[in-house]
Each structure stands twice: as structure tokens, then as C-alpha cells.
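Per-entry structural report
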Amino acid sequence: MSKNSKKIILVTGASRGVGKGIAEGIGSPGDVVICAARSLASGTQVHQFGFELSSSLEDTVKNINQDNIDADAYVVDLNKTDEIEGLAKYVEKKYGRLDILVHSACQIHDDLVQPKPFWEKSVNLWSIVDVGLRSNYLLSHALAPLMIKNPESLIVQISSHGASCYMHGPIYGAQKAGVDKMAFDMAHDLKEFQVCSISLWSGIVKDEKTAKVSAQHGEHYAEFLKGAASQLFAGKVIKGIFEMDNKMKLSGKTLIAAEIGAELGITNEDGSKPKSDRDTLGGPQEFNKAVIY
């Protein structure tokens, strides 16, 4: 596929947070970005970690359209297998192909960031496995037959340093480690079809939530955000990876967005470079290349 050709892109979790930023940063004029999430209407607010956050596919689509990129809002509950399958059928029927699939949806429980041992937190933190691991697998499973018809396509799992260090407790770490390994194993099956499968650690991202926390905690939190990625950064990095002539050399790898972004010359909109946090939070696992069926 020519780098100048129209791309069909699907981003889950596109109504807010990292997913919204990816959807708004990943496209080029002429592309179509299918934005999938539960919250459609402009003005929708969701409660998370004590904050009211804007969450709207309509807002995401409006922002994308301003850059002369087509955007398509698709409402889906990724807890539901039939709705995941319905999304895959919609993409195939309407567009006939898919160039980039980005799994950035996560179902986060308010207890996640509580400084407590896991047994004192709600067992419903398991929701991040339902939407963020199980849903990623089911959507990849449903769309793989379409994507293998299109060499040069790309599947991205959005992950974090939580796969490497203690972050928010064992269930968060298990989910992040799970998507990293899933990207590795999918790469093995997809290799002969020249479909690239990676996991991407997005790092600390300045989004709607961090903006509210920063306003509440002032200078203390501002220090924490030094070196953070902009909301659009991961999307720009994924676009850069897709445009690489030799991106298959990355297939199966877990990448830190700040590091691969630096290699590709990608920065935040203000020209700053996000930090990788490898020195403090660790780096991705190297998986063994042995294959057993």
C-alpha cells in the first residue's frame, strides 16, 4: 500500500483519554478514522477517580474533521461479544479493509489508584481484563481475516510500564503484561501475511484527567507531569510506525512510545520530547522465540 493512499483506521476507546488523542493524532488528510466507544453525544460526562470527565465520540469526530480527515463514530460496548462482532462486520461491509487497528479502550474502576492492597480493593477491578484484554483479543480475532488480506497493515495494543513495575496493583499489571504477550504471539501467526503486531507503552499522557488533577494539586503534580506526552503523541507515533518501510522488524515487540517517537523524529506539538521512564519504571520484557503448538 502506498504511503500516500487513503488509510482505514479503527481506534477503540476514542471518546476520551489516550484513545481520543490517538484518534485525533493518527490520521492524514483523506484517511478515515473509525472512532469506537460507548459515549456518543457531545456534552456527555463520566465520573472517574472523583472527577467529571468529558467523553464524546461526537467531539472526537469534530476535532478530526477539522484536519480534513474523515471520522466515523461507532457506538459499541466492548463488554459484549455480539457488539464486538458487529463492529468488525461494520468495518468489513462499509470499508472492505482495515489498515490500522488500535486497541486503546480500558474499563477502569475507581478503586484502581487507591493505595491499598489488592484484597481491600473491589473485585470489580477485573473489568480491565474484560475491556482491555478479552475485548482486544475478540476484536483482533474478528478482524484478522480482513487484515491478512491487506499486507502492511498494523495492529497496536496500548499498554504501559505497569507490565514491568508495580503499578496500581496486580490486576493492572496482569492486564498490561497480557496485552504485551498477546501482541508477541499474534505477531507469530501474522508474520507470513506481513501484518505487523506491536504493543506500545504510551507513558504519562496529558489528557482530560491529568489536566483536572494538575489543577487540583498544583506544583506538586506539575513536577510529575514534566516530560509527559501530549494527548496526540501516541497517535502520531503509530502513524510514523505505519509509514516505516521496514516496520515488520518491529512486529512482536513491545515499544516505549517516547523512545520510538524519538527515533522517528516525532515530538509533542510544542516541540518537546516525552521521557521514556525506562530508568525508573523499567523496560519491556524480552519473550523467548521458541514455538510450541
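Look above for the structure.
Residue positions are given per chain, counted from 1 along the sequence in the order it is written. The predicted origin of the model limits local features to residues at a pLDDT of at least 70 and limits the giving and counting of side-chain atom pairs to 80 or more, whereas totals for whole chains, interfaces and linings rest on all residues. The side-chain numbers reported here are obtained from all heavy atoms of the structure, hydrogens and water having been left aside.

If you tally the helices and strands in the chain, you get 10 helices and nine strands. C-alpha atoms define the radius of gyration, and 2.2 Å times the number of residues to the power 0.38 defines the globule rule. Here the C-alpha radius of gyration of the chain, 18 Å, is about what a compact globule of 293 residues would show, namely 19 Å. Each of the three principal axes of the chain carries a C-alpha extent, and together these read 50 × 45 × 40 Å. The buried label goes to any residue with under 20% of its type's maximum accessible area, the exposed label to any with over 50%, and the partly exposed label to all in between, with areas taken from a 1.4 Å probe on protein chains only. Buried positions account for 49% of the 293 residues belonging to the chain. In what follows, residue pairs with any heavy atoms lying within 4.5 Å of each other are defined as contacts. Of the contacts formed within the chain by residues at least 6 apart in sequence, a portion of 72% connects residues at least 24 apart. All accessible-area figures derive from a Shrake-Rupley calculation using a 1.4 Å probe, and residue coverage is judged against the displayed protein chains alone. Accessible area of the chain: about 14000 Å², with a carbon and sulfur share of 52%. Numbered from the N terminus, helices here are DSSP runs of H or I no shorter than four residues, and strands are runs of E no shorter than two.

Let us look at the sheet that holds strand E2 (residues 32–37). Any two strands between which DSSP finds at least two bridges are classified as paired. Spatial strand order, E5-E2-E1-E6-E7-E8-E9: seven strands in an open sheet with parallel pairing. On the outer flanks of this sheet lie strand E5 (70–75) and strand E9 (254–256), each paired with one strand and no other. Neighbour to neighbour, the strand axes of the sheet diverge by 20 degrees on average, direction disregarded. Taken together, the three bridges between strand E1 (residues 8–12) and strand E6 (residues 100–103) define a ladder with parallel strand orientation. When the sheet's bridge partners are listed, Leu10 is paired in E6 with Leu101. Angles run from 0 to 180 degrees between N-to-C directions of axes, and those axes are lines fitted to C-alpha atoms, restricted for helices to the stretch in contact. Each of E1, E2, E6 and strand E7 (154–159) is contacted by helix H1 (residues 17–25), which is oriented at about 165 degrees to E1, the strand it contacts most. Against the sheet, helix H4 (residues 127–147) makes contact with E1, E6 and E7, and its axis sits at roughly 175 degrees relative to E6, the strand it touches most.

Let's shift gears to unusual backbone geometry. Phi is positive for Glu152, close to 90 degrees, though the residue is something other than glycine. Inspection of the secondary structure assignment puts Glu152 in the loop between H4 and E7. Looking at Glu152, the relative accessible area reads 32%, which means it is partly exposed. Residue Gln194 is not a glycine yet carries a positive backbone phi of 60 degrees. The topology assignment puts Gln194 in the loop between helix H5 (170–190) and strand E8 (196–201).

Looking at the element boundaries, Tyr74 is found in strand E5. The class for Tyr74 is buried, based on a relative accessible area of 17%. Along the primary structure Tyr74 and Ala36 are separated by 38 residues, whereas in three dimensions their C-alpha atoms are 4.8 Å apart. Sequence-distant contacts of Tyr74, defined by excluding residues within four places in its chain, comprise Ile34, Cys35, Ala36, Ala37, Leu57, Gly86, Leu87 and Tyr90. Think of a polar contact as two N or O atoms within 3.5 Å of one another; within protein, one of them needs to be a possible hydrogen donor and the other a possible acceptor, and neighboring residues in sequence only count if both atoms come from side chains. Here Gly86 takes part through its backbone oxygen, which lies 3.5 Å from a polar atom of the side chain of Tyr74.

In the sections that follow, a salt bridge refers to a side-chain nitrogen of Lys or Arg positioned within 4 Å of a carboxyl oxygen of Asp or Glu. One pass over the structure, following the stated rule, counts nine salt bridges. Its salt-bridge partner being Glu152, residue Lys247 comes within 3.3 Å of it at the nearest N-O pair. With Lys247 in the loop between helix H8 (233–242) and E9 and Glu152 in the loop between H4 and E7, the pair connects residues that are 95 residues apart, well separated along the chain. The buried category is assigned to Lys247, whose relative accessible area is 3%. Glu269 serves as the salt-bridge partner of Lys236, at 3.1 Å between the closest nitrogen and oxygen. With Lys236 in helix H8 and Glu269 in the loop between helix H9 (257–264) and helix H10 (278–281), the pair connects residues that are 33 residues apart, well separated along the chain. Residue Lys236 is classed as partly exposed on the basis of its relative accessible area, which comes to 22%. For Glu269, a relative accessible area of 49% corresponds to the partly exposed category.

Centres within 6.5 Å make a pair out of two Phe, Tyr or Trp rings, where for Trp the six-membered ring is used; the pair is then stacked when the planes are under 30 degrees apart, edge-to-face when over 60, and tilted otherwise. Enumeration over the complete set of coordinates arrives at three aromatic pairs. Between Phe118 and Trp119, the ring centres sit 5.1 Å apart and the planes meet at 85 degrees, which makes this aromatic pair edge-to-face. Assigned by exposure class, Phe118 and Trp119 land together as exposed. If you follow Lys247 out to its NZ or CZ, it ends over the ring of Phe242, 4.5 Å from the centre. For a ring to carry a charge above it, either NZ of a lysine or CZ of an arginine must fall within 6 Å of the ring centroid while also lying within 35 degrees of the normal to the ring plane.

In terms of burial, E2 is a largely internal element, six of the six residues being buried. Neither face of E2 is open: one carries Val32, Ile34 and Ala36, the other Val33, Cys35 and Ala37, and all of them are buried. Relative to E2, E1 runs parallel, the two sharing five bridges. Residue pairing for E2: Leu10 is matched across the bridge by Ile34. Orient the strands so they point away from the viewer; a crossover is then right-handed if the path from the first strand over the helix to the second runs clockwise. For the crossover from E1 across H1 to E2, the handedness is right-handed.

This part covers helix H2 (residues 57–65). Turning to H2, its buried residues number three or more, namely Leu57, Thr60, Val61 and Ile64. Along the long axis of H2, the arc covered by the buried residues comes to 95 degrees, so they all point the same way. Its side-chain oxygen at 3.2 Å from the backbone nitrogen of Glu58, Ser56 defines the N-terminal cap of H2. Read the arc as the range of directions from the helix axis to the C-beta atoms.

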